[in-house]
Amino acid sequence: MSKQTMFEKIWNNHVIHSETGKPSILYIDLHLVHEVTSPQAFEGLRLSGRKVRRPDLTFATMDHNVPTKDRFNIADPISKQQVDTLTANCAEFGVKLYDLNTIDQGVVHVMGPELGLTHPGKTIVCGDSHTSTHGAFGALAFGIGTSEVEHVLATQCLQQAKPKTMEVRFVGKRPAGITAKDLILGLIAKYGTDFATGYVIEYTGQAIRDLSMEERMTVCNMSIEGGARAGLIAPDETTFSYLRGREYAPQGDDFDRAVAQWKALQSDEGAVYDTVVELDVESLVPQVTWGTSPGMGTGITSAVPFPEKLPTENERKAAEKALEYMDLKPGTPMSEIPIDYVFIGSCTNGRIEDLRAAAAVAKGHTVSANVTAIVVPGSGRVKIQAEKEGLDQIFTAAGFEWREAGCSMCLAMNPDVLQPGQRCASTSNRNFEGRQGRGGRTHLVSPEMAAAAAIKGKFTDVRNWEFKSEVTA
Ligand SMILES: CC(C)[C@H](C(=O)O)[C@@H](O)C(=O)O
Ligand code: SF4
């Protein structure tokens, strides 16, 4: 048999019908649901008198519209309706819902893996573009639209055109002070926001193998910001030990049998990808975006670029427009950009390790007088764990606000929004115009860089953080 990549193995395991020149029909192992993209899908089922085919493979939570203060009191009528509709739909169709009364409620891409729902080799979909996060386990996971959500609810299958394969090889060892967020921001800054359009990425290299499970999720989360359909990392001991003992992981002997199967998923030696790109990890510095797309980024030691020096007319125009929106002057050192707001959270960087890393920087310091800083755990479980470790105390003593789980200021669908003109250091994944509130300006960074910016009142190279203290678990 010919040598196969991991993507091809998972794909072939799930195709239940294919015809030349047409999309294939894929079986879906796990369907995650949230309140924003599911109402019409359930309504469609109701109108056609259909049921959810596999309620046992369908799990829901509420995250985008949930307030992170006074969470049971949703003032915005559309948000309230979406949350209430999800509750009613899950009850009517027999779908398990992790609502605000459960500690498993949280950003769907944080709570799913935490529950052990995400396994290597699964096909996973959700009406949400950052479903790519789950690829960190070696699952083929991607976002779908609302009509596809309805289709999967009704049939547990999905039509998909077969994507091409791309290897993204991280070359070298990750230097001290360089985070998983810097790997993925650096990759997208180098290759742009559409280099992987039409592809499923497999991330390889020592720097990837060395990442923790949570760090791998940070990398895979932003695959979509490079245009990819999905991002994958081969499962290994890091993956297996993360999964062992989780609620929905296989238990006992089943777990060991599963591990044997999961190990066989990795790409065969000598398997050929359609495209290979490389990134030199050793020359990376902490990343900060300056523009209105995740690809408009640079190192903290660099400056806001001069649009006229960019290679193509399109890039020049886009950069000019972005700098106008961001109110930034070319040539300004990144370390001289003052900020008003800091958001630490989201499905990119709202996990316990992210909060530990930010707390280690914040400990014993005080948030700059000009800055409002919020820390939003990605799930109820992250919140409880952080509180057990005293991280909430470190944050509040330093002047950060400590909130409840949700998407929060990652996008302006709940009360956490920037005011027009406010500039935010954000650990999320998108810096589009108005993403965090109309007229708001977003700079994407790692949790460490966000915490340091909160204290300095401007971006600063966290590698020079002299008073960095150890926070122990
Ligand atoms: C609201 C939802 C559909 C959206 C997505 O698909 O990603 C959101 O999660 C986002 O991050 O922009
Ligand atoms: S945290 Fe942000 S990126 Fe993630 S699902 Fe919520 S809105 Fe989308």
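Residues numbered from 1 in each chain as written. Chains lettered and ligands numbered in written order. Predicted model: local features only at pLDDT ≥ 70, side-chain atom pairs only at ≥ 80, totals over all residues.

1. Considerations on the site of ligand 2
Step number 1: Around ligand 2, 13 residues are found, and the nearest of them are Ser346, Cys347, Cys407, Cys410 and Leu411.
Step number 2: Residue composition of the shell around ligand 2, by class: 5 nonpolar, 6 polar and 2 charged.
Step number 3: Each of two domains, domain 1 (6-275) and domain 2 (287-464), supplies a minimum of three residues to the shell around ligand 2. (Near = placed C-beta within 6 Å. Nonpolar A, V, L, I, M, F, W, Y, C, P; charged D, E, K, R; others polar. Domains from an automatic or database assignment.)

2. Looking at the sheet that holds strand E4 (residues 58-61)
Step number 1: Within the open sheet, the 5 strands sit side by side as E5-E4-E3-E6-E7. Their pairing is parallel. The sheet is open, and its two borders are formed by strand E5 (96-98) and strand E7 (140-143), each paired with just one other strand. Sheet twist, expressed as the mean angle between neighbouring strand axes with direction ignored, is 20 degrees.
Step number 2: Sheet topology places strand E3 (residues 30-33) next to E4; 3 bridges connect them, and they run parallel. Along E4, the bridge assignment pairs Leu32 with Phe59.
Step number 3: Taken strand by strand, helix H4 (residues 108-115) contacts E3, E4, E5 and strand E6 (123-126), and its axis lies near 130 degrees from that of E4. (Pairing = 2+ DSSP bridges. Helix = DSSP H or I, 4+ residues; strand = E, 2+ residues; numbered from the N terminus. Axes fitted to C-alpha atoms, helices over the stretch in contact; angles between N-to-C directions. Contact = placed C-beta atoms within 7 Å.)

3. Points about the pairing of E4
Step number 1: Burial along E4 is two-sided: the residues Thr58 and Ala60 and Phe59 and Thr61 are all buried.
Step number 2: For the crossover from E3 across helix H2 (residues 39-47) to E4, the handedness is right-handed.
Step number 3: Strand direction decides the pairing type here: E4 and E5, joined by 3 bridges, are parallel. Paired with Thr61 across the bridge in E5 is Tyr98.
Step number 4: Viewed along the sheet, the connection from E4 through helix H3 (residues 77-93) into E5 turns out right-handed. (Buried ≥ 20, exposed ≤ 12 C-beta atoms within 10 Å, placed from the backbone. Right-handed = clockwise from strand over helix to strand, strands pointing away.)

4. Observations regarding the packing of helix H6 (residues 180-191) against helix H8 (residues 213-221)
Step number 1: Two elements in contact, H6 and H8, have axes separated by 8 Å at closest approach and are oriented at 20 degrees. Of the possible angle classes, the one that applies to H6 and H8 is roughly parallel. In the packing of H6 onto H8, the handedness of the crossing is right-handed. Within the contact between the two elements, H6 uses Ala180, Lys181, Leu183 and Ile184 and H8 uses Glu215, Thr218 and Val219. (Parallel < 35°, antiparallel > 145°, perpendicular 65-115°, else oblique. Left-handed = near helix turned anticlockwise from the far one by under 90°.)

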